Amino acid sequence: MCGRFALDKETDDMIQEFVAEGGDFRDWRPSWNIAPTDPIPVFLESKRGEEPSVRRLELARWSLVPSWAKELKTKVPTFNARAETAAEKPMFKASVASRRAIIPARGYYEWQTDPETKKKTPFFIHSADGELLGFAGLYAWWADPALARDDPERWHLTATVLTSDAVQTLSDIHDRNPVPLPRELWDHWIDPTVVGDQALVDEAVRAALPVADALVFDRVGPVVGDGPELIRPIGEG
């Protein structure tokens, strides 16, 4: 699973490089402790009629809510979507087909559970060179039925992170990990003209394996509050 992640201001240049137009990366407030339902930046590309598609960065609520839901919350957690079943689940199927996103992150946290004491030890998992990670994600727009159609507060962008079985290098920490796509696949993943299905999701998972295998992890202190000290390895000053 991926239940917490970090995105700091040092990633702005990378975000600006990828986003062609739309949105504003400077609207993002850095955070080292992003939790489900918090706002997260997502890269997406949309197309209207015959007009060229537009790539943009938007802020989304981290927990996907499908358009047919009656309220902006779900009975089950939707901040992650299992890659093995996302294309067939009613909650995610439409998003797999045409509403796919890249969710940028500096890294993410996972907690290793001691089988005897049940004590949980936090680790921060990230790329060895500090490069921005791009998690394969899905998004959906939810309209609040209680508000008028022209009310700007009516529409809510929501998103989820795809997860897969953990690669061997991370499996001792947790049995699932996000799907971190290689940079060369980002364009293809968010292309709204590509009809998504389970084959596309499986392709993404396979392409993500070398990226996930190369991730490194540091034991960190309690993930409480917010600040760059949260990702500092234990023992470093």
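Up top is the structure.
Caption draft 1: Main features of the pattern of salt bridges. What the rule picks out here adds up to three salt bridges. With a shortest N-O distance of 2.7 Å, R56 and E58 are connected by a salt bridge. Exposure remark for R56: the relative accessible area of 16% places this residue in the buried category. Here E58 falls in the partly exposed class, since its relative accessible area comes to 25%. Here R176 makes a salt bridge to E84, at a shortest N to O gap of 2.8 Å. Of this pair, R176 sits in strand β11 (residues 176-178) while E84 is found in the loop between β5 (80-82) and α2 (93-98), placing the two residues 92 residues apart along the sequence.

Caption draft 2: Local environment of helix α4 (residues 198-213). Between its first and last C-alpha, α4 extends 22 Å over 16 residues, near the 22 Å set by a 1.5 Å rise per residue. Packing partners of the buried residues in α4 comprise α2, β6 (100-105), β10 (155-165), β11 and α3 (183-190). One side-chain oxygen at the N-terminal end of α4 lies 3.2 Å from the backbone nitrogen of A199; it belongs to D197.

Caption draft 3: Layout of the packing of aromatic side chains. Within the structure shown, the criterion is met by six aromatic pairs. With a centroid separation of 5.7 Å and an interplanar angle of 75°, the aromatic rings of W62 and F79 are classed as edge-to-face. Taken as a pair, W62 in strand β4 (residues 54-62) and F79 in the loop between β4 and β5 lie far apart in primary sequence, 17 residues in all. With a relative accessible area of 15%, F79 lands in the buried category. Both rings, one in F123 and one in F217, keep their centres 5.8 Å apart while their planes meet at 80°; by these two values the pair is edge-to-face.

Caption draft 4: Local environment of empty space enclosed by the protein. For the structure shown, the criterion picks out one cavity of 30 Å³ or more. Counted as a void, the largest cavity has a volume near 30 Å³. Within the residue set of the lining of the largest cavity, elements represented by two or more residues are β11 and α4. The leading source of residues in the lining of the largest cavity is α4, at four residues. Looking at side-chain class alone, the lining of the largest cavity contains eight nonpolar, two polar and no charged residues.

Caption draft 5: Quick peek at unusual backbone geometry. If you check the backbone angles, T37 has positive phi at about 80° while not being a glycine. Following the sequence through the fold, T37 ends up in the loop between β2 (31-34) and β3 (39-46).

Caption draft 6: Broad picture of the pairing of strand β9 (residues 133-143). In terms of burial, β9 is largely enclosed, as ten of its eleven residues are buried. Summarising the sheet, β6 and β9 pair through six bridges and their orientation is antiparallel. Within β9, the position partnered with A101 by the bridge is G137. Here seven bridges tie β9 to β10, and the two strands are oriented antiparallel to one another. Looking across to β10, one finds that W141 is bridged to L157.

Rules used throughout
- Residues numbered from 1 in each chain as written.
- Predicted model: local features only at pLDDT ≥ 70, side-chain atom pairs only at ≥ 80, totals over all residues.
- Heavy atoms only, no water.
- Salt bridge = Lys/Arg side-chain N within 4 Å of Asp/Glu carboxyl O.
- Buried < 20%, exposed > 50% of the residue type's maximum accessible area, 1.4 Å probe, protein only.
- Helix = DSSP H or I, 4+ residues; strand = E, 2+ residues; numbered from the N terminus.
- Expected span 1.5 Å × (residues − 1).
- Contact = heavy atoms within 4.5 Å.
- Polar contact = N/O pair within 3.5 Å; in protein donor to acceptor, adjacent residues only side chain to side chain.
- Phe/Tyr/Trp six-rings, centres within 6.5 Å; stacked < 30°, edge-to-face > 60°.
- 1 Å grid on protein atoms, 1.4 Å probe; cavity = no way out; pocket = protein on both sides within 12 Å on 5 of 7 lines; lining within 4 Å.
- Points joined across faces, edges and corners; volume = space filled by probe spheres on them.
- Nonpolar A, V, L, I, M, F, W, Y, C, P; charged D, E, K, R; others polar.
- Pairing = 2+ DSSP bridges.

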